[in-house]
Amino acid sequence: MSFKRILTVQDISCIGQCSLTVALPILSACGFETGILPSAVLSTHTGGSFNGSGYTFHDLTEDMPAIARHWQQVGIRFDAFYTGYLGSARQIEYVKNICASLGKDNARIIVDPAMADFGRLYAGFDGDFVQEMAKLCAIADVILPNITEACLLTATPYPTNGYDEAFIDELLRKLAALGAKAVVLTGIAFREGENGVMVYENGQKQHYTHPLIDRPCHGTGDVYASVFTGCVLRGKSYYDAARIAADFTLRCIENTVEDKEHWYGVHFESLLPELMQMLAE
Ligand code: PXL
């Protein structure tokens, strides 16, 4: 049995079922020692009814160099890095340095450029942040943008009135040109009632589709990226990891829709045993 140590860099939203409160339990359940580097601490995430409600935001950019220095001193090295929601444009430079200096040989770098959805940047982000995120994508093995993030990263106008396969092909080419070795583009469907994910590697694309549950939920991108990361580190191909992550995320939405009161995240916790089964298949 080989034990892998992964570092995930994203925020702690104390309440919200997103970012680290999702990544840590999922990666632990997948069997990995999961080191965390919190990018910021927030009282809640910044979406839905939390937006404009006075959430707190404590940026941890300035703590990062000292934390990395200490790990360097005590010889900590990681088998993989998985980054999500980051706290500031300047922080991204530190994160790139950490990936470059604290990885074991061939450490995998998985970047979820979590910064936007539904055609809009999340609260608090701007064009500088997008530029820096594109530089982080350049050093990644695999990036996991949604369409909004993909458009921002490639300076492509957001397709408000829908898109066709030629648009997605062009977007995939532009994303690959950022420098990442592979791209997993989420939330792609060409037919009503469908949703899916496009996996692009070595100039080849594969589309995995599944039924759409028409209920947007917060935190599903984080569930998706965490499961994808867990699957990849367990040795699955990017396509199989993308498929399992989509199936599991769908189950989490199914597990939440009945709970009408619950609007800020998905109930993934009670489904972790199912994830273990999916991983074993
Ligand atoms: O789920 C993405 C995410 C992570 N962290 C914070 C967020 C969001 C999405 O809104 O606000 C703080």
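So, how was this worked out
- Residues numbered from 1 in each chain as written.
- Predicted model: local features only at pLDDT ≥ 70, side-chain atom pairs only at ≥ 80, totals over all residues.
- Heavy atoms only, no water.
- Helix = DSSP H or I, 4+ residues; strand = E, 2+ residues; numbered from the N terminus.
- Buried < 20%, exposed > 50% of the residue type's maximum accessible area, 1.4 Å probe, protein only.
- Core = buried A, V, L, I, M, F, W, Y, C linked by side-chain atoms within 4.5 Å.
- Contact = heavy atoms within 4.5 Å.
- Pairing = 2+ DSSP bridges.
- Right-handed = clockwise from strand over helix to strand, strands pointing away.
- Near = heavy atom within 4 Å.
- Polar contact = N/O pair within 3.5 Å; in protein donor to acceptor, adjacent residues only side chain to side chain.
- Areas by Shrake-Rupley, 256 points an atom, 1.4 Å probe, with all protein chains shown as cover.
- Nonpolar A, V, L, I, M, F, W, Y, C, P; charged D, E, K, R; others polar.
- Axes fitted to C-alpha atoms, helices over the stretch in contact; angles between N-to-C directions.
- Salt bridge = Lys/Arg side-chain N within 4 Å of Asp/Glu carboxyl O.

Engineer: With reference to specific residues and values, describe unusual backbone geometry.
Structural biologist: Positive phi, close to 60°, is recorded for Asn-106, a residue that is not glycine. Position of Asn-106 among the secondary structure elements: in strand β5 (residues 103–111). Residue Asn-106 is classed as exposed on the basis of its relative accessible area of 77%.

Engineer: Account for the nonpolar core, naming residues and giving values.
Structural biologist: One finds Phe-81, Met-133 and Leu-185 to be the most contacted residues of the largest nonpolar core, which totals 46 residues. The greatest single-element share of this core, amounting to six residues, is contributed by helix α4 (residues 127–138). Ignoring sequence-local partners within four residues, the contact set of Leu-185 consists of Pro-145, Asn-146, Ile-147, Ala-150, Ile-168, Leu-171, Leu-172, Leu-175, Gly-196, Val-197 and Met-198. Core analysis: the second largest hydrophobic core is formed by 42 residues, Leu-27, Val-197, Cys-231 and Leu-272 among them.

Engineer: Got a sec to walk through the pairing of strand β4 (residues 78–83)? Specific residues and values, please.
Structural biologist: Most of β4 sits out of view: six of its six residues are buried. Judged from the four bridges that link them, strand β1 (residues 5–15) and β4 form a sheet pairing that is parallel. Its bridge partner lying in β4, Leu-7 is registered against Phe-81. One ladder, built from five bridges, connects β4 with β5; its direction is parallel. Bridged to Phe-81 within β5 is Ile-109. Once the chain exits β4 it traverses helix α3 (residues 89–101) before rejoining the sheet at β5, and the crossover so formed is right-handed.

Engineer: Can you lay out the site of the ligand for me, pointing to particular residues and giving the numbers?
Structural biologist: The local shell around the ligand consists of Asp-11, Ser-13, Cys-18, Ser-19, Leu-42, His-45, Thr-46, Tyr-85, Tyr-122 and Asp-222. A distance of 2.8 Å is found between a nitrogen atom of the ligand and a side-chain nitrogen or oxygen belonging to Asp-11. At 2.7 Å from an oxygen atom of the ligand is found a side-chain nitrogen or oxygen belonging to Thr-46. Surface burial for the ligand is 95%, taken as the share of its 320 Å² of free accessible area covered by protein chains. Classifying every residue of the shell around the ligand by side-chain character gives four nonpolar, four polar and two charged.

Engineer: Describe the sheet that holds strand β3 (residues 57–59), naming the residues involved and giving the relevant values.
Structural biologist: Read from one edge of the open sheet, nine strands run β3-β2-β1-β4-β5-β8-β9-β10-β11, paired in mixed fashion. Edge positions in the open sheet fall to β3 and β11 (204–211), since each of these has one partner strand only. Relative to β11, strand β10 (residues 194–201) runs antiparallel, the two sharing eight bridges. Across the sheet, residue Val-199 finds its bridge partner in β11, namely Gln-206. α3 rests against β1, β2 (33–44), β3, β4 and β5 of the sheet, and its axis sits at about 145° to β5. Packed onto the sheet, helix α6 (residues 165–177) meets β8 (142–143), β9 (182–186), β10 and β11 and runs at close to 140° relative to β9.

Engineer: Explain the pattern of salt bridges to me, using residue names and the numbers behind them.
Structural biologist: With the rule as written, the count across this model stands at 13 salt bridges. Close ionic contact of Lys-181 with Asp-141 constitutes a salt bridge, the shortest N to O distance being 2.8 Å. Here Lys-181 is found in the loop between α6 and β9, whereas its partner Asp-141 is found in the loop between α4 and β8, with 40 residues between them in sequence. The exposure class assigned to Lys-181 is exposed, which follows from its relative accessible area of 59%. A network of salt bridges, in which partner residues are shared, links Glu-165, Asp-169 and Lys-205.

Functional significance is not addressed by these values, which are geometric in nature.
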